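Inside the fold
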Amino acid sequence: MKKRIFSGAQPTGNLHIGNYLGALKNWVALQKDYESFFCIVNLHAITVPQNPEVLRRKTLELARIYLASGIDPTHSVIFVQSDVPEHAELAWVLCCIARMGELERMTQFKDKSKGKGENVGTGIFVYPLLMASDILLYKTHLVPVGQDQKQHLELTRDLAERFNRDYGETFVIPEPYIPPVGSKIQSLQNPTKKMSKSDEDANGAIFLLDDADSIRKKIKKAVTDSGMEVKFDESRPAINNLLTIYRLVTNLPPEECEARFAGKGYGYFKTELAEAIIEFLKPFQQRAKSFKDEEIVEILKSGAEKAREIASQTLKEVYDKMGINR
Ligand code: ATP
Ligand code: LTN
C-alpha cells in the first residue's frame, strides 16, 4: 500500500510564488508516489474575518490553482475542508488533548497576536489543532509544507503520540517534507520577512496570476543589498532570495545561475529574472483558464466523498477509544 501525503493552503488573498515553490511544486512532484490529499482549508481562513462572497470565490479559485499547478484529480484527492465535517470534530477532540502552554509557544500565534492583547481571536490560538486534525484524520505519513509550518508539524506529532499513549495505537506519526531550497521565499520588499499573502504591500510578492507588466514592475522595485555581485550569499539576503527564485524557476544548477550574471550587475539580473518568472508562469496561467467552474465543482464534490470515507473511519476509531458511540 502507498503511503499518504496531506497538505493544504488557505483560500485567502492571492497565492504567490513562495507558496508555489515552497509547497505546491512538491505536492505535484510527490503525488504519484503517494496516496495524496490536497485540501482547501476554508475553516482555517475564518480564523480572521472574511467577506463571505470573497471567501466563496477564493475557495473555487484555489482549486483552480491546484489543478493548474499540475495536481491530477484522477490520481489525487482535492477537496474543501468544510465539506468533511470530521475535520472540525477531531479538532475539538484535540482541543481536549492539547495544553495551553503548547499553543502559546507557537511562533505563528505569537506573530499574529502581537499588539492584540486579550482581543486576539480564539480561532488563531487553536488554529494548529485544526491543522493537526486535518493531518491525523488521514493517517498521513508525509506533509509537504514550507518552513513556517514546521513547528505546527511538531505539535501534531506530539498530540498524536500523546493520544496513542493514552488511548492505544491510533494515529500515524507524520513527518514534515520541507524542500531543501525554496522552503522560505522572502518578501521582495523586506528580505528578512517571508513572502506573504497577507502582506499589506503587494509589491512584496509575485502572485501566480500576476500579468507580465506587474511582474516586471515588482522585480524592478525589489530591494537589493549593497554591493554589485549576483551570488548566492546568506549574508546578502535580498540578492540571495532573488537568485534563489531565479534558480528555482529556471531549474538551473546554482553555479550556472551565478556564471550567467558574473560581472553583469543588478539591472541586467533583474531584467532576466523578471522574464524568467514570466516564462515560468505562462503555462500555469494558461492552464488555469482552461478549467470550467462546473468541472471544478464536480472535482471537489467527488474529492469530498473520497476524503470523507477515510475521515469518518478515523473519527469513529477515535470516538470508540474514548468511549463515545458514533
Ligand atoms: P500567508 O502568506 O498569509 O502567511 P500562509 O503561509 O498561511 O499565508 P497558506 O496558503 O496557508 O499561506 O500556505 C500554503 C503553503 O505555502 C504552506 O505550506 C506554507 O508553508 C507555504 N508558504 C507560505 N509562504 C511561503 C514562503 N514565503 N516561502 C515558501 N513557502 C511558503
Ligand atoms: N497552516 C497551513 C495550512 C494548513 C495545512 C494543513 C498544511 C492547514 N491544514 C494541513 C499542511 C497540512 C498554512 O500554510 N498556513
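Residues numbered from 1 in each chain as written. Chains lettered and ligands numbered in written order. Predicted model: local features only at pLDDT ≥ 70, side-chain atom pairs only at ≥ 80, totals over all residues. Heavy atoms only, no water.

Attention shifts here to the overall build of the protein chain. If you tally the helices and strands in the protein chain, you get 13 helices and 5 strands. Computed over its C-alpha atoms, the radius of gyration of the protein chain comes to 21 Å, within 12% of the 20 Å expected for a compact globule of 326 residues. Each of the three principal axes of the protein chain carries a C-alpha extent, and together these read 70 × 45 × 40 Å. For the protein chain, the proportion of its 326 residues judged to be buried stands at 50%. For the protein chain, restricting intrachain contacts to residue pairs at least 6 apart in sequence, the fraction spanning at least 24 positions comes to 76%. In the protein chain, which carries 45 positive and 44 negative side-chain charges, the distance between the mean positions of the two groups comes to 2 Å. (Helix = DSSP H or I, 4+ residues; strand = E, 2+ residues; numbered from the N terminus. Rg over C-alpha atoms; globule rule 2.2 N^0.38 Å. Buried < 20%, exposed > 50% of the residue type's maximum accessible area, 1.4 Å probe, protein only. Contact = heavy atoms within 4.5 Å. Lys, Arg positive; Asp, Glu negative; His and termini not counted. Charge placed at Lys NZ, Arg CZ, Asp CG, Glu CD.)

This part covers the layout of surface pockets. Its volume calculated, the second largest pocket comes out at about 320 Å³. If you go around the second largest pocket, you meet 16 residues; those closest to its centre are Lys-184, Glu-234, Asn-240, Asn-241 and Thr-244. Here the lining of the second largest pocket is built from residues that sort into 7 nonpolar, 6 polar and 3 charged. (1 Å grid on protein atoms, 1.4 Å probe; cavity = no way out; pocket = protein on both sides within 12 Å on 5 of 7 lines; lining within 4 Å. Points joined across faces, edges and corners; volume = space filled by probe spheres on them. Nonpolar A, V, L, I, M, F, W, Y, C, P; charged D, E, K, R; others polar.)

What follows deals with the site of ligand 2. In the region of ligand 2, 13 residues are neighbours, and His-44, Tyr-127, Met-131, Asp-134 and Gln-149 sit closest. Asp-134 places a side-chain nitrogen or oxygen 2.6 Å from a nitrogen atom of ligand 2. Measuring from a nitrogen atom of ligand 2, one finds a side-chain N or O atom of Gln-149 at 3.1 Å. Burial of ligand 2 by the protein amounts to 90% of the accessible area it has alone, namely 360 Å². Those elements giving two or more residues to the shell around ligand 2 turn out to be strand E1 (4-9) and helix H7 (122-137). Element by element, the count of residues in the shell around ligand 2 is highest for H7, at 4 residues. (Near = heavy atom within 4 Å. Polar contact = N/O pair within 3.5 Å; in protein donor to acceptor, adjacent residues only side chain to side chain. Areas by Shrake-Rupley, 256 points an atom, 1.4 Å probe, with all protein chains shown as cover.)

Enumeration over the complete set of coordinates arrives at 14 aromatic pairs. Ring geometry for Phe-79 against Tyr-138: centres 5.9 Å apart, planes inclined by 55°, an arrangement best described as tilted. Taken together, the positions of Phe-79 in strand E3 (residues 77-80) and Tyr-138 in the loop between H7 and strand E4 (142-144) put the pair 59 residues apart, joining distant regions of the chain. Summarising the burial analysis for this pair, Phe-79 and Tyr-138 share the class buried. Among the aromatic residues, those joined into a cluster by ring pairs are Phe-6, Phe-37, Phe-79 and Tyr-138. (Phe/Tyr/Trp six-rings, centres within 6.5 Å; stacked < 30°, edge-to-face > 60°.)

The next point concerns the site of ligand 1. Of all residues adjacent to ligand 1, which total 20 residues, the nearest are Asp-148, Ile-185, Lys-194, Lys-197 and Ser-198. Within the backbone of Ile-185, an N or O atom sits 2.7 Å from a nitrogen atom of ligand 1. When ligand 1 is considered free in solution it has 610 Å² of accessible area, and contact with the protein chains removes 95% of it. It is helix H1 (residues 17-30) that provides the largest number of residues to the shell around ligand 1, a total of 4 residues. For the shell around ligand 1, the residue count by class is 5 nonpolar, 11 polar and 4 charged.

In this section: empty space enclosed by the protein. Left-over empty space is what a probe sized like a water molecule reveals as it rolls over the atoms. Per the stated rule, a full pass over the model turns up 1 cavity of 30 Å³ or more. Approximately 40 Å³ is the volume found for the largest cavity. Around the largest cavity sit Gln-10, Pro-11, Thr-12, Gly-13, Leu-15, Lys-58, Glu-61, Leu-62 and Ile-65, which together line it. Residues of the lining of the largest cavity, tallied by class, amount to 4 nonpolar, 3 polar and 2 charged.

A few words now on the packing of helix H10 (residues 237-250) against helix H12 (residues 265-289). Here H10 crosses H12 at 40°, and the two axes come no closer than 9 Å. Compared by their axis directions, H10 and H12 come out oblique. Our pair here, H10 against H12, has a crossing hand that is left-handed. Residues Ile-239, Leu-242, Leu-243, Ile-245, Tyr-246, Val-249 and Thr-250 of H10 form the contact with H12, whose participating residues are Tyr-266, Phe-269, Glu-272, Leu-273, Ala-276, Ile-277 and Phe-280. For the contact of H10 with H12, a count of residues per class yields 12 nonpolar, 1 polar and 1 charged. (Axes fitted to C-alpha atoms, helices over the stretch in contact; angles between N-to-C directions. Parallel < 35°, antiparallel > 145°, perpendicular 65-115°, else oblique. Left-handed = near helix turned anticlockwise from the far one by under 90°.)

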